[in-house]
Amino acid sequence: YDVHVGLDPAFSVGTVDPRIYGSFVEHMGRCVYGGIFEPDHPTADEHGFRKDVAELVRELGVTNVRYPGGNFVSNYRWEDGVGPVQDRPKRLDLAWRSIEPNTVGVDEFAHWTRGLDLDPVMAVNLGTRGVRAAVDLLEYCNLPAGSTSLADRRAANGRREPHGIRTWCLGNEMDGPWQIGHKTADEYGRLAAETARAMRRTDPDIELVVCGSSNSGMPTFGSWERTVLEHTYDLVDHISLHAYYEPVAGDIDSFLTSSENMRGMISAVTATADHVAAVKRSRKRITVSFDEWNVWYQSRFPGEAGLAIRPGGPLIEDVYDVTDAVVVGDLLMALLDNADRVAIANQAQLVNVIAPIRTEPGNSAWRQTIFHPFALTAKYARGTVLQTQVRGPLLATGQHGDVPATRVSAVHDPATGGLTLLATNRDRHRPAALNVSLRAFAGEGHRLVEHLTLGDSDPGATNSADRPDRVTPRPVDGTTVRDGQLEATLPPTSWHLIRLH
Ligand code: AHR
């Protein structure tokens, strides 16, 4: 089938905030212990962090990492994770019913992120704790040594320089009945407002993320955001959104077009935020922090309550295939296409737990299929997102109605003239003949730099420790740029990166 795309550098959506290429490290399963941190591993540095994993994190192109949860944070005492390691208590983590040894805490995490030039994003516990503990943590992390006893405690723990953590999440998924300390929108809105006010007095330079809905199927979706923002509008910068996707009842077409749900969530939540602004006569605009998103086969997970109390070990280590990678690439395009309203996003999670990076204990670390669209998008989709006019057929889906079979996103770098096109063919049976008009870029005379695809004759193909490179991006032959027209073929179920200069 034919797809025609019109582009004009004069018509932009917004500038890509590099923070949309964030990830998430939770004290859950083997994300921290046995993931980023494995002191006995041959590549471990002097602090116990795996250098081979750090290398893959660098290659993935992640810009910031949210920590320490997730559901974990809602019963977390941050003080347990600082000071001499031998004195730290073992605690029962109520979220995942695991024993938390507290060997890694905020100091180790901040040190690890600094080494990788990543921004740490810290969540505070608004489940079982409140204003006092949140302010203490912020003071411990960000105030200069010599100013208060908490700042001095950090210095005494060997971290004289403040961690300088700029972005803070006011709790996690507080709308979810599974959350320890779950609250109504009014209860949470009040607590979030008071916590935000006190945190801003502690450090006026921080940015705050208030909890939005855990997914668009929550019964309170929309009303939760309205109520919470009525309490917090003037005190916060971003509202969070979370979404995990998987095929439901074998409906692959709906799964392949999951980004339609993400697009809908972003527009519903920003409209709700703008409604609150209108009622408040406020010119301020709240942006979205999509701080948990990914493919997650939740149907394979027995649920938190079904877990026996355990010392740790693997949890939700989904193995991703080619179709999953196409969905992940397509979700990133939805974030890009909303560059005017999405400021931060975090793929959940980074290592082992529903993650692009997997590790073998004492052995190799490897890239899942979903690693590749993330890494290439984070590397090349920087600059100004352009509006795309796409003319092509629609796919009938059970969950999202009739949606475009092909999605195309375009990111232009006005400084260099570079143009990055991202495209997905979400049709499982028919190739797409893509035709992009570049005539509006007349002066720039684009040439093709490369066309890479993530696709396979077997959409169920996966990578593994034994075959870590079974699925990798491959160059596409036959793509042409002539007389201001780009022509390319997009096979069924495939993701594409097309770079022009
Ligand atoms: O990422 C796994 C879990 O999913 C997080 O802990 C929670 O916030 C979400 O429900």
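Residues numbered from 1 in each chain as written. Predicted model: local features only at pLDDT ≥ 70, side-chain atom pairs only at ≥ 80, totals over all residues. Heavy atoms only, no water.

> Help me understand the sheet that holds strand S8 (residues 167-170) in this model?
Two orientations exist for strands paired in a sheet by backbone hydrogen bonds: parallel and antiparallel. Overall, parallel pairing links the eight strands, which are arranged S3-S4-S7-S8-S9-S10-S11-S12 in a closed barrel. Neighbour to neighbour, the strand axes of the sheet diverge by 30° on average, direction disregarded. Inspection of the sheet shows strand S4 (residues 64-67) paired to strand S7 (residues 119-124) by four bridges, in the parallel sense. Looking across to S7, one finds that Tyr67 is bridged to Met122. The strands touched by helix H9 (residues 322-337) within the sheet are strand S10 (238-245), strand S11 (287-295) and strand S12 (342-348), with S11 carrying the most contacts at an inclination of about 175°. (Pairing = 2+ DSSP bridges. Helix = DSSP H or I, 4+ residues; strand = E, 2+ residues; numbered from the N terminus. Axes fitted to C-alpha atoms, helices over the stretch in contact; angles between N-to-C directions. Contact = heavy atoms within 4.5 Å.)

> Is there a simple way to think about the packing of aromatic side chains in this case?
The way to describe two aromatic rings as a pair is by their centre distance and the angle between their planes. Evaluation of the coordinates by the stated rule reveals 13 aromatic pairs. Taking 5.3 Å as the distance between ring centres and 70° as the angle between the ring planes, the aromatic pair formed by Phe37 and Phe49 counts as edge-to-face. With a gap of 12 residues between them, Phe37 in the loop between strand S3 (22-24) and helix H1 (51-60) and Phe49 in the loop between S3 and H1 connect regions that are remote in the sequence. In terms of burial, Phe37 and Phe49 fall into one category: buried. The rings of Tyr33, Phe37, Phe49, Tyr67, Phe109 and Trp112 are connected pair by pair, giving a single aromatic cluster. (Phe/Tyr/Trp six-rings, centres within 6.5 Å; stacked < 30°, edge-to-face > 60°. Buried < 20%, exposed > 50% of the residue type's maximum accessible area, 1.4 Å probe, protein only.)

> Just to check I follow, could you spell out unusual backbone geometry for this structure?
With glycine set apart, most residues show a phi of negative sign, and most peptide bonds adopt trans. Omega for the bond connecting Gly69 with Gly70 falls within 30 degrees of zero, at 15°, which places this linkage in the cis form. Here Gly70 lies in the loop between S4 and strand S5 (91-93). Residue Ala348 is joined to Gln349 through a cis peptide bond whose omega torsion reads -5°. Here Gln349 shows up in the loop between S12 and strand S13 (357-359). For Asn102, which is not glycine, the phi torsion reads 60° and is therefore positive. Turning to its location among the elements, Asn102 is positioned in the loop between strand S6 (98-100) and helix H2 (106-115).

> Would you explain the domain arrangement of the chain in this entry?
Interfaces are frequently sized by the accessible area removed from exposure as the parts join. Domain parsing of the chain yields domain 1 (2-9 + 386-500) and domain 2 (17-380). One C-alpha centre belongs to domain 1, the other to domain 2, and the line joining them spans 30 Å. The interface of domain 1 with domain 2 comprises 40 residues on the first partner and 35 residues on the second. With both sides pooled, the region where domain 1 packs onto domain 2 buries about 3000 Å², and carbon together with sulfur makes up 64% of that total. Our count for the contact surface shared by domain 1 and domain 2 stands at four salt bridges. Asp253 is paired through a salt bridge with Arg428; the nearest N and O atoms lie 2.9 Å apart. Our count for the domain 1 to domain 2 interface comes out at 17 residue pairs in polar contact (both at pLDDT 80 or more). Elements represented by at least two residues in the side of domain 1 that touches domain 2 include exactly strand S17 (394-397), strand S18 (401-404), strand S19 (406-412), strand S20 (419-425), strand S22 (448-454) and strand S26 (494-500). (Domains from an automatic or database assignment. Buried area = accessible area lost by both parts, 1.4 Å probe. Salt bridge = Lys/Arg side-chain N within 4 Å of Asp/Glu carboxyl O. Polar contact = N/O pair within 3.5 Å; in protein donor to acceptor, adjacent residues only side chain to side chain.)

> How should the site of the ligand be read in this particular structure?
Residues in contact with the ligand, as listed here, are Phe24, Glu26, Gly70, Asn71, Trp96, Asn172, Glu173, Tyr244, Glu292, Trp296 and Gln349. Separating an oxygen atom of the ligand from a side-chain N or O atom of Glu292 is a distance of 2.7 Å. Contact between the ligand and Gln349: an oxygen atom at 3.0 Å from a side-chain N or O atom of the residue. Considering the ligand on its own, with 280 Å² of exposed area, one finds that the protein chains cover 96% of that surface. One can see that the ligand is located within the largest pocket. (Near = heavy atom within 4 Å. Areas by Shrake-Rupley, 256 points an atom, 1.4 Å probe, with all protein chains shown as cover. 1 Å grid on protein atoms, 1.4 Å probe; cavity = no way out; pocket = protein on both sides within 12 Å on 5 of 7 lines; lining within 4 Å. Sits in = over half its atoms within 2 Å of the grid points.)

> What is the right way to read the nonpolar core from this model?
Nonpolar side chains in soluble globular proteins tend to end up buried together. In terms of nonpolar packing, the biggest core is built from 124 residues, with Trp168 and Phe290 touching the most fellow members. Among the elements that make up this core, the one with the highest residue count is H9 (11 residues). Looking at this core, you find at least three residues from each of domain 1 (2-9 + 386-500) and domain 2 (17-380). If we skip the residues at most four places from it in the chain, Phe290 touches Leu241, His242, Ala243, Met262, Met265, Ile266, Leu335, Ile344, Ala345 and Asn346. (Core = buried A, V, L, I, M, F, W, Y, C linked by side-chain atoms within 4.5 Å.)

> Please explain the packing of helix H8 (residues 259-279) against H9 as it appears in this structure.
Running from N to C, H8 and H9 cross one another at 25°; their axes reach a closest spacing of 9 Å. By the angle between their directions, the pair H8 and H9 is classed as roughly parallel. In the packing of H8 onto H9, the handedness of the crossing is right-handed. The residues of H9 that touch H8, namely those facing Ser259, Met262, Arg263 and Ile266, are Asp330, Leu331, Met333, Ala334, Leu335 and Asp337. Of the residues assigned to the contact of H8 with H9, the class counts are six nonpolar, one polar and three charged. (Parallel < 35°, antiparallel > 145°, perpendicular 65-115°, else oblique. Left-handed = near helix turned anticlockwise from the far one by under 90°. Nonpolar A, V, L, I, M, F, W, Y, C, P; charged D, E, K, R; others polar.)

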